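Examining the three-dimensional arrangement
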Amino acid sequence: MAVMRFVFVPLVLFCCLIWISSCRKDFDYPPSSGQLEFSKDTVFLDTVFSNIGSSTYSLKVFNRTKEDIEIPSIRLGEGANSQYRLNVDGLAGKEFSNVPLLARDSLYIFIETTYDIAPAAADEFLYVDQILFDQGANEQSIPLVTLVKEAIFLFPSTLANGSKESLLLGLDEEGNELRIEGFILEDDELNFTADLPYVIYGYAAVAEGKVLSMAAGTRVFFHENSGILVGTGGSLQINGELSEDPELLEKEVIFEGDRLEPEFAEVPGQWGTLWIAPGSVENQIAYLTIKNATIGLLAEGNPEASSPTLDISNSQIYNSTIVNLWGRNTSIAAENLVLGNAGNHSLFCQKGGTYNFLHSTIANYWSNGFRTGTTLRLSSFETDSQGNQTGEDLIQANFINCIVEGNTSRELSLESLEGFDFNFFFSHSLIKFTDSGGQFSNDPLYDFANSIRYQNLFLNADPDFTDPFGNLFTIGATSSALGNADLQTALLVPFDLLGKDRTEDPAIGAYQE
């Protein structure tokens, strides 16, 4: 028995050694001969801000031959001094040796960069390097290109306990503080210019008695969960101007997220909101584009003020996850305003207030998911988490020469609460409203024949938008808006959003043909 045990153990070990030997891969491959192929001939890392890390980009390397090979070296042209970073098949570094690549196989290289533009002494700098494969006669290269922008960064400070500076918003029902990460803008931070873009982390707040002004051409980029808060007694003055190039918008003020890659250009919900809080005064906005926010603009309070809480003209708000323009018991005067696609409402006037919209296009063709809200919603109340309703008077809500459109059958919601005024008026406007089931046939709010509330309506008429799903709401030659606006109102707003004269044959909405 002992002899058998003695013989058995070496036999098992011997068999294991044979098995391991037969399964071992031979990594002594011949070197590549300059015949690697690549998924890209240049890797563009798009635009990044100075000292802010880029997204991760990829390059795929192919061995199209029938032979296993070894790449003698993969390295960055600037070597250890390069501001690019590589990851080759899971290993991070800037130089790699003897990288195997099996026959008809491929490997991934991931690339990132962070670059400080200060030594270049420029507002923009094109930073380039290259990935080199092998060397000598077999060397192959893939250029790396990144546009780096200088910017002014505004952010909350870090406190002694390691937390971030925050703003007190109020108290909840249990008396607990409600705070949001943010900071109060200093006096030397209150005048934004077009010289450099601004990048905001957290909420930048305008204090009582202070005015945040923005010159024509200002660009503001917001990090995730960031925005601007105009507090009690504070004011916002955005002084954009008509641009010569309707695509470049060189003189407009633009608010958007801080992800500069092209694939993020139309992604909703990248940042928080422009918040005009109760008690703020004389907020005036001209030629502003707000895009890709969670809530584009939230205005609250002062519904009976002698001047509107918000006066906004020649502006666009679109691609908000929830609402583009949300007014809560406030006063808003708007003209030549485009409120485009949003995840719920393009315009929500809640808990009463005072609203006057002239020559505005309010249209929602949201295609990023299911939308339950109508394009325009007027309500004299709000409902809390317990189902309790709190109301205020809708003092007035006037829509003259406006378009209310979208990609659902009913794009107007009217919600009154007993005991509170609910005054609204639509004149010379296109409204999308089809009550196919007769749900609203006996509701007096939707009696479109009532001339006290509705005059010269064009129900379910075709606005002939250029590309509504792409937030392009200019109108074409067959639009029902053409020539049907009220002339006296048009004379109050004699030029459309693009600067075209509308004093003859004015069109409904923000645009002439």
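Residues numbered from 1 in each chain as written. Predicted model: local features only at pLDDT ≥ 70, side-chain atom pairs only at ≥ 80, totals over all residues. Heavy atoms only, no water.

What follows covers the overall build of the protein. Check the secondary structure of the protein and you find two helices and 39 strands. Whereas a compact globule of 513 residues would reach a radius of gyration of roughly 24 Å, the protein reaches 31 Å, over 25% beyond that. Burial status across the protein gives 48% buried among its 513 residues. Residue pairs in contact within the protein that sit at least 24 positions apart in sequence constitute 65% of those at least 6 positions apart. (Helix = DSSP H or I, 4+ residues; strand = E, 2+ residues; numbered from the N terminus. Rg over C-alpha atoms; globule rule 2.2 N^0.38 Å. Buried < 20%, exposed > 50% of the residue type's maximum accessible area, 1.4 Å probe, protein only. Contact = heavy atoms within 4.5 Å.)

Now for the sheet that holds strand 3 (residues 57-63). Reading across from one edge, 1-3-8-5-6 is the order of the five strands in this open sheet, with antiparallel pairing throughout. Lying at the two open borders of the sheet, with one neighbouring strand each, are strand 1 (37-38) and strand 6 (91-93). (Pairing = 2+ DSSP bridges.)

Right, let's talk about the pattern of salt bridges for a bit. The full count for this structure, using the stated rule, is 13 salt bridges. Across the pair Glu300 and Arg328 runs a salt bridge whose closest N-O atoms are separated by 2.2 Å. Here the residue Glu300 occupies a position in strand 25 (residues 295-300), and Arg328 occupies one in strand 27 (residues 323-339), the gap between them amounting to 28 residues. Relative accessible area serves as the criterion here: at 9%, Glu300 is assigned to the buried category. A single salt-bridge network, built from bridges that share partners, covers Glu300, Arg328, Lys351 and Glu382. (Salt bridge = Lys/Arg side-chain N within 4 Å of Asp/Glu carboxyl O.)

Another aspect to go through is the nonpolar core. Judged by nonpolar contacts, the single largest core of 59 residues is most densely connected at Phe255, Leu297, Leu325, Phe357 and Phe399. Among residues more than four places away in sequence, those in contact with Leu325 are Leu297, Leu310, Ile317, Ile332, Leu337, Leu339, Ser346, Leu347, Phe348 and Phe357. Formed by 28 residues, the second largest nonpolar core is a distinct cluster that contains Leu59, Tyr84, Val88 and Ile131. (Core = buried A, V, L, I, M, F, W, Y, C linked by side-chain atoms within 4.5 Å.)

The subject of this paragraph is the packing of aromatic side chains. Aromatic ring pairs are reported here in terms of the distance separating the ring centres and the angle at which the planes meet. This model, assessed by the stated rule, comprises 27 aromatic pairs. Taking the centre distance of 5.2 Å and the plane angle of 10° together, the rings of Phe357 and Phe399 count as stacked. With Phe357 in strand 28 (residues 345-358) and Phe399 in strand 33 (residues 394-400), this residue pair connects regions lying 42 residues apart in the sequence. Across the pair, exposure class does not vary: Phe357 and Phe399 are buried alike. An angle of 70° between the planes, with centres 5.7 Å apart, marks the rings of Phe422 and Phe424 as edge-to-face. You can call Phe422 buried: its relative accessible area is 8%. Among the aromatic side chains, those forming a connected cluster through ring pairs are Phe357, Phe399, Phe422, Phe424, Phe426, Phe433, Phe440, Tyr446, Phe448 and Tyr454. (Phe/Tyr/Trp six-rings, centres within 6.5 Å; stacked < 30°, edge-to-face > 60°.)

Let's shift gears to the side chain of Ser226. Relative to the assigned elements, Ser226 resides in the loop between strand 18 (219-222) and strand 19 (227-230). The class for Ser226 is buried, based on a relative accessible area of 1%. Excluding its chain neighbours within four sequence positions, the residues that come into contact with Ser226 are Ile200, Tyr201, Gly202, Tyr203, Trp271, Gly272 and Thr273.

Turning to the side chain of Asp129, a few remarks are in order. With respect to the helices, strands and loops of the structure, Asp129 is situated in strand 9 (residues 124-133). A distance of 3.2 Å separates a polar side-chain atom of Asp129 from the backbone nitrogen of Glu78. Filtering out sequence-adjacent residues up to four positions away, Asp129 remains in contact with Leu76, Gly77, Glu78, Ser82, Tyr84, Ile142, Pro143 and Leu144. (Polar contact = N/O pair within 3.5 Å; in protein donor to acceptor, adjacent residues only side chain to side chain.)

Next up on the list: a negative patch on the surface. Together, Glu304, Glu392, Asp393 and Asp421 make up a region of like negative charge exposed at the surface. Summarising the element assignment, Glu304 is placed in the loop between strand 25 and strand 26 (310-318). (Patch = residues over 30% accessible without salt bridge, like charges linked within 9 Å, V, L, I, M, F, W, Y side chains within 5 Å. Areas by Shrake-Rupley, 256 points an atom, 1.4 Å probe, with all protein chains shown as cover. Lys, Arg positive; Asp, Glu negative; His and termini not counted. Charge placed at Lys NZ, Arg CZ, Asp CG, Glu CD.)

The mixed open sheet is built from five strands, whose spatial order is 2-10-9-4-7. The open sheet has two edge strands with one neighbour each: strand 2 (43-49) and strand 7 (95-101). Put simply, the sheet's adjacent strands are angled 20° from each other on average, direction ignored. Judged from the three bridges that link them, strand 4 (residues 69-76) and strand 9 form a sheet pairing that is antiparallel. Bridge pairing in strand 9 links Ile74 to Phe133. (Axes fitted to C-alpha atoms, helices over the stretch in contact; angles between N-to-C directions.)

What follows concerns the confidence of the model for the protein. Interpreting fine coordinate detail is not advised for predicted regions of low pLDDT. This prediction gives the protein a mean pLDDT of 92; 95% of its residues lie at or above 70. Counting interchain partners and residues more than four positions distant, the pLDDT-below-50 stretch residues 1-26 has zero contacts. (pLDDT = per-residue confidence, 0-100.)

Looking at chain direction, strand 14 (residues 191-192) and strand 17 (residues 211-214) are connected through two bridges and run parallel. The residue bridging Asn191 from the neighbouring strand is Ser213, located in strand 17. Examined bridge by bridge, strand 17 and strand 20 (residues 235-239) share four bridges and lie parallel to one another. Bridge pairing in strand 20 places Val211 opposite Ser235.

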